Amino acid sequence: MKLIHKFFLAFFITNITLVGLMLAFIYMSFTVEFNSFVEKEEHQHLSEVKLQLVKLYSELESWESISENTQLWRSIVAPDKNPNNTKAQSQDDVSLNSYIQATDKERIANQQTVFKNKPPSLPWLNLPADLLQTGKRISLYDSDKEVVVGRTDIDENPYIEAVLLNNKVIGWIGLVPSNLVENSPAEAFLSAQLHSYLLITLFVILLAFVMAIVLSKHLIKPIKQIVNGTNALTKGEFSSRIVPLTKDELGTLSNNFNELAGTLEHNQQMRFQWVSDTSHELRTPLTVLRSHLLAVQDGVFVADEKRISLLISQVDNLNHIVDDLAQLANSDTASLTYSKVDVDVVNILQESIESYTARFKAHNLKVSSQGLQRFGACLISGDKDRLQQLFLNLLENTCRYTDSGGQVSIEINQLGSELEITLQDSAPGVLPEEQSKLFERFYRVEKSRNRDFGGSGLGLSLCKQIVEVHGGDISLDDSPLGGLSVKITFPVLGL
């Protein structure tokens, strides 16, 4: 199942469940409150009928007028609420209607007073007065429980109440509640409300269906972008990028994808550059070797000591390039061996400088390193051979890239728990935009790729890896002497 289908089902099922529960709760609550309202209305109506019957009995002292006059009974149990529709009746009927109207007006006035104090919260408070038709379900019996009007047997009425005059039973009044009558107006009203609720529910479900589709597509859109982007990466299209559509976790994932794609694209370019530069670096000495050997074979050159020495130097150049490549490859796979012990880095630096004294003199360079003798011993955790390789590479670069007659300054300082070594040389310098690229493999400011001057372009890359393995940092900057300044920091032991 696709993710968009899972989102859709999750939203749709959740909405249907909530709507169903809400419908059941609202309808149950509505039914209970409505039945309670109907029961109160019917009992209030029954109380009013009792008051009118007591008034009538106190005047006539019998129920004959009711049993003989159906219209009178109807005017008591179902009075006309509109005074404009009152018809001419007997004096007794007029008197009774006046009493009924007065009673109704008083009840309505009382209800309005209550509603002013407490606003109605139920929709059925303004129902038509004859909706329940309570009067049709009221029966009257005399004091002996003989029927006057209504159902023959008093026991047919679920609710029976005595009619009292001066604490004397003058009759009985019975009522069949609306909820016990089939097809009653109250039941019809509830059915109509349920029908309305079902229609509303169907509309809400339809709306939930549409919203589930819209939300699912909205949520799946950034995910589809990421999927399409990863498919492009698997095909080698590392230039593929996606535009983040959100600022949430998916937006973060999109940004991470773009960073990953950029890294892969850069690595691909570096790999192509690596192959190109490596082949070029190897081609130069191989071309020299082949040309000289062919010349010796053809008798153009004589294989004397000078010629053989030249060929050996080219072999040494090849060997140097292969060693550099092997060290970088081993370092990339974390297999370059380091035997770390407590070593005096100052002493290693001094030994490296002494080994290059002859080279400095040959290049007519003035070296200033008096501060090393005054500094004393400083221990770090490191590999002596690798550290010596680091310093020799830096000194070799200084010899190669500093103009004859220039200066070299080597300083050392301790800043808190770190040892700082600074190597500065004189002109020529390096442009700031090129300084950050010098740690890249095969990168050289000198573009001729003449190995006698430019080297392999791997030395500083090896230096950076050696420093980082020792927990230090190496950086390049402009030198006050006019050349390049190399700053190295190492964590010191015992602090």
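Nothing here was measured: the structure is a model prediction, and the numbers come from that model.

Reading the values: the criteria
Residues numbered from 1 in each chain as written. Predicted model: local features only at pLDDT ≥ 70, side-chain atom pairs only at ≥ 80, totals over all residues. Heavy atoms only, no water. Helix = DSSP H or I, 4+ residues; strand = E, 2+ residues; numbered from the N terminus. Buried < 20%, exposed > 50% of the residue type's maximum accessible area, 1.4 Å probe, protein only. Contact = heavy atoms within 4.5 Å. Areas by Shrake-Rupley, 256 points an atom, 1.4 Å probe, with all protein chains shown as cover. Pairing = 2+ DSSP bridges. Axes fitted to C-alpha atoms, helices over the stretch in contact; angles between N-to-C directions. Salt bridge = Lys/Arg side-chain N within 4 Å of Asp/Glu carboxyl O. Core = buried A, V, L, I, M, F, W, Y, C linked by side-chain atoms within 4.5 Å. Polar contact = N/O pair within 3.5 Å; in protein donor to acceptor, adjacent residues only side chain to side chain. pLDDT = per-residue confidence, 0-100.

Caption draft 1: Examining the overall build of the protein more closely. Secondary structure assignment for the protein yields 14 helices and 11 strands. Residues counted as buried form 36% of the 495 residues belonging to the protein. Taking as baseline every contact in the protein between residues at least 6 positions apart, the subset at least 24 positions apart corresponds to 69%. Here the protein displays about 29,300 Å² of accessible surface, and carbon together with sulfur accounts for 56% of that area.

Caption draft 2: View of the sheet that holds strand S4 (residues 168-175). On the basis of which strands lie adjacent, the open sheet formed by four strands has the order S2-S1-S4-S3 and antiparallel pairing. The open sheet terminates on both sides in strands that have one partner only, identified here as strand S2 (147-149) and strand S3 (159-165). The mean angle between the axes of side-by-side strands here comes to 35°, regardless of whether they run parallel or antiparallel. Across seven bridges, the pairing between S3 and S4 is antiparallel.

Caption draft 3: Spotlight on the pattern of salt bridges. Tallied over the full model, the rule gives seven salt bridges. The closest approach of N and O atoms between Arg359 and Glu396, which form a salt bridge, is 2.9 Å. Placement of the pair is Arg359 in helix H9 (residues 357-362) and Glu396 in helix H11 (residues 384-401), with a sequence separation of 37 residues. For Arg359, a relative accessible area of 30% translates into the label partly exposed. Between Glu468 and Lys464 there is a salt bridge, with its nearest N and O atoms 3.2 Å apart. Placement of the pair is Glu468 and Lys464 together in helix H14 (residues 459-469), with a separation of four residues, close to one helical turn. Its relative accessible area of 44% is what places Glu468 among the partly exposed residues.

Caption draft 4: View of the pairing of strand S11 (residues 482-491). Burial runs high along S11: seven of the 10 residues are buried. Both strand S9 (residues 418-426) and S11 contribute to a ladder of eight bridges, which runs antiparallel. Residue pairing for S11: Ser426 is matched across the bridge by Gly482. In this sheet, S11 lies alongside strand S10 (residues 473-478) in antiparallel orientation, the contact comprising six bridges. The partner of Ser475 across the bridge, within S11, is Lys487. The antiparallel hairpin formed by S10 and S11 contains three residues in its connecting segment.

Caption draft 5: Structural detail: the nonpolar core. In terms of nonpolar packing, the biggest core is built from 38 residues, with Leu390, Ile421, Ile488 and Phe490 touching the most fellow members. Of all elements in the fold, only helix H8 (345-355), H11, strand S8 (407-415), S9, H14, S10 and S11 reach the threshold of two or more residues within this core. Ranked by the residues each element gives to this core, the list is headed by H11, at six residues. Not counting residues within four places of it along the chain, the set of residues in contact with Leu390 comprises Cys463, Ile466, Val467, Ile488 and Phe490. Formed by 19 residues, the second largest nonpolar core is a distinct cluster that contains Leu56, Trp63, Trp73 and Ile170.

Caption draft 6: Quick look at the environment of His45. The residue His45 is located in helix H1 (residues 3-60) in this model. Of the residues examined, His45 reaches a relative accessible area of 18% and is grouped as buried. Apart from residues no more than four positions distant in its own chain, His45 is found in contact with Val77, Pro79, Thr134, Gly135 and Ile138. At 2.6 Å, the side chain of His45 forms a polar contact with the backbone oxygen of Val77.

Caption draft 7: Unusual backbone geometry, seen in detail. The linkage connecting Ala427 with the following residue, Pro428, adopts the cis geometry, with an omega of 5°. Locating Pro428 in the fold gives a position in the loop between S9 and helix H12 (432-435). One non-glycine residue with positive phi stands out, namely Glu61, at about 60°. Mapped onto the elements of the fold, Glu61 is located in the loop between H1 and helix H2 (64-68). Although it is not a glycine, Asn364 adopts a positive phi angle of roughly 55°. When you line up the elements, Asn364 lands in the loop between H9 and strand S6 (366-368). Residue classification places Asn364 among the partly exposed positions, given a relative accessible area of 49%.

Caption draft 8: Focus on the confidence of the model for the protein. Per-residue confidence for the protein gives a mean pLDDT of 78; residues scoring 70 or more make up 81%. Here residues 447-454 is a poorly scored stretch, pLDDT under 50, and it has 19 contacts once near neighbours within four places are set aside; other chains count.

Caption draft 9: Here's a closer look at the sheet that holds S11. Spatially, the five strands line up as an open sheet ordered S6-S8-S9-S11-S10, and their pairing is mixed. Sheet topology places S6 and S10 at the edges, where each strand pairs with a single neighbour. The average undirected angle you get between the axes of adjacent strands in this sheet is 15°.

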